[in-house]
Amino acid sequence: MNLATLARRSGAAARRLLREFDDALMPRRCAFCGFRTLAGERGICPGCSSDLPWVRHACPRCAQPMAVPAGASCAACQAKPPPYIAAVAPLHYEFPVDAALKALKFRRKLYYADAFAELLADAAAGLDAGIDAVLPVPLHWRRRAVRGFNQAEELCRPLARRLALPLVRGVVRRRRTPAQSGLSARERHRNLRGAFLVRRAPGARHVLIVDDVITTGATVLHLALALRAAGVQRVSVLAVARAARVSRPPAGSARNAA
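Quick summary incoming for the structure in this document. In this numbering scheme, every chain counts its residues from 1 along its sequence in written order. In keeping with the predicted nature of the model, local features appear solely for residues at pLDDT of at least 70, side-chain atom pairs appear and are counted solely at 80 or more, and the whole-chain, interface and lining totals rest on all residues. Each side-chain value is derived from all of the structure's non-hydrogen atoms; neither hydrogens nor water enter the calculation.

Let us now look at unusual backbone geometry. Of the consecutive residues Phe95 and Pro96, the connecting peptide bond is found in the cis state with omega at 5 degrees. Numbering of helices and strands runs from the N terminus, with a helix taken as a DSSP run of H or I at least four residues long and a strand as a DSSP run of E at least two residues long. Along the chain, Pro96 falls in the loop between β2 (91-92) and α4 (97-107). Of note in the backbone geometry, Ala164 takes a positive phi value of approximately 55 degrees without being a glycine. In this fold, Ala164 is placed in the loop between α7 (151-163) and β4 (171-173).

This is how it looks when you write it as structure tokens:
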């Protein structure tokens, strides 16, 4: 056995011992049921994973769930293709996914971010292999200051590590747009027109936009337009969940911040 092989095996043994020590000290638990996960399992246990509302068939261009086999684009994308080449969202925006994302977003349950990032890393396998950078959907600085974090960044950081890709910097939300919740598709597009600014060229040819949920697609559409205008050749989109339609809350009900 040569020295290089011995060093690799010693390093692997040391990493295994470190993982075992970390698991004994702070055992990993399922983000949904809270039960301790076994060695080698992920942040969502197999039982909870099987209960999640997985999207079986979707438009490969906008990730809209459809009842037809995979590979066929929806009528909207055929009529007017979006400025990104592909979008993937592995889950429906339904219980318990919607509750988990709201807990992450509004109640600082950050353990959901790492668990969902594992699912996103798997879903990214269905996207173009030429992606060379990832971009979390930016929050306006005032909203970020109030919330204390950007949920898209919390998803994006562990995802970028798993994919071994750099994060895009210098893209900002320059207008504090009103809350998206409860708005129609037309109102959402009007709300986001000119909202994003690319302050410096991303330095990437194919950027992957990452967000928690795609509702009408207005946010990722306008962000993709800003990236393309800044010289990015190709844009793809990855989100945890896809909402099939927008529901308007009753008159007078409170709206959550986007």
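Each aromatic ring pair is described using two quantities: the centre-to-centre distance and the angle formed by the ring planes. Ring pairs are drawn from Phe, Tyr and Trp, using the six-membered ring of Trp, whenever the two centres fall within 6.5 Å, and their geometry is named by plane angle: stacked under 30 degrees, edge-to-face over 60, tilted for the rest. Applying the stated criterion to the full structure yields 4 aromatic pairs. Ring centres of Tyr111 and Tyr112 lie 4.7 Å apart, and the angle between their planes is 40 degrees; this geometry places the pair in the tilted category. The interplanar angle of 25 degrees and the centroid separation of 6.2 Å between the aromatic rings of Tyr112 and Phe116 together place this pair among those described as stacked. Of this pair, Tyr112 and Phe116 both sit in helix α5 (residues 111-123), separated by 4 residues, roughly a single helical turn. Taken individually, Tyr112 and Phe116 each receive the classification buried, so the pair is uniform in this respect. For every residue, the accessible area obtained with a 1.4 Å probe (protein chains only) is divided by the maximum for its type, and the residue is called buried under 20%, exposed over 50%, and partly exposed between those limits.

Once that is clear, we can look at the pairing of strand β6 (residues 206-214). It is a general feature of regular strands that their side chains alternate between the two faces of the sheet. Here β6 lies mainly inside the structure; 9 of its 9 residues are buried. Note: two strands are recorded as paired if DSSP finds a minimum of 2 bridges between them. In this structure, strand β3 (residues 133-136) lies alongside β6, joined through 4 bridges in parallel fashion. Each bridged residue has a counterpart across the sheet, and for Val134 the counterpart in β6 is Leu208. Pairing analysis gives 8 bridges linking β6 to strand β7 (residues 234-242), with the strands arranged parallel. Counterpart to Val213 in the pairing with β7 is Ala241. For the crossover from β6 across helix α9 (residues 218-229) to β7, the handedness is right-handed. By definition, the crossover connecting two strands over a helix is right-handed if that path, from the first strand to the second, turns clockwise as seen with the strands pointing away from the viewer.

Attention now moves to the pattern of salt bridges. For this document, the term salt bridge refers to a Lys or Arg side-chain nitrogen within 4 Å of an Asp or Glu carboxyl oxygen. Taken as a whole and assessed by the stated rule, the structure comprises 8 salt bridges. Arg234 is the salt-bridge partner of Asp128, the closest N and O atoms lying 3.0 Å from each other. Of this pair, Asp128 sits in the loop between α5 and β3 while Arg234 sits in strand β7; the two residues are 106 residues apart in sequence, bridging distant segments of the chain. With a relative accessible area of 32%, Asp128 lands in the partly exposed category. Judged by relative accessible area, Arg234 falls into the partly exposed class, the value being 35%. The partner of Glu153 in a salt bridge is Arg144, with the nearest N and O atoms 2.7 Å apart. Glu153 gets classed as buried once you look at its relative accessible area, which sits at 17%. The class of Arg144 is partly exposed, set by a relative accessible area of 33%.

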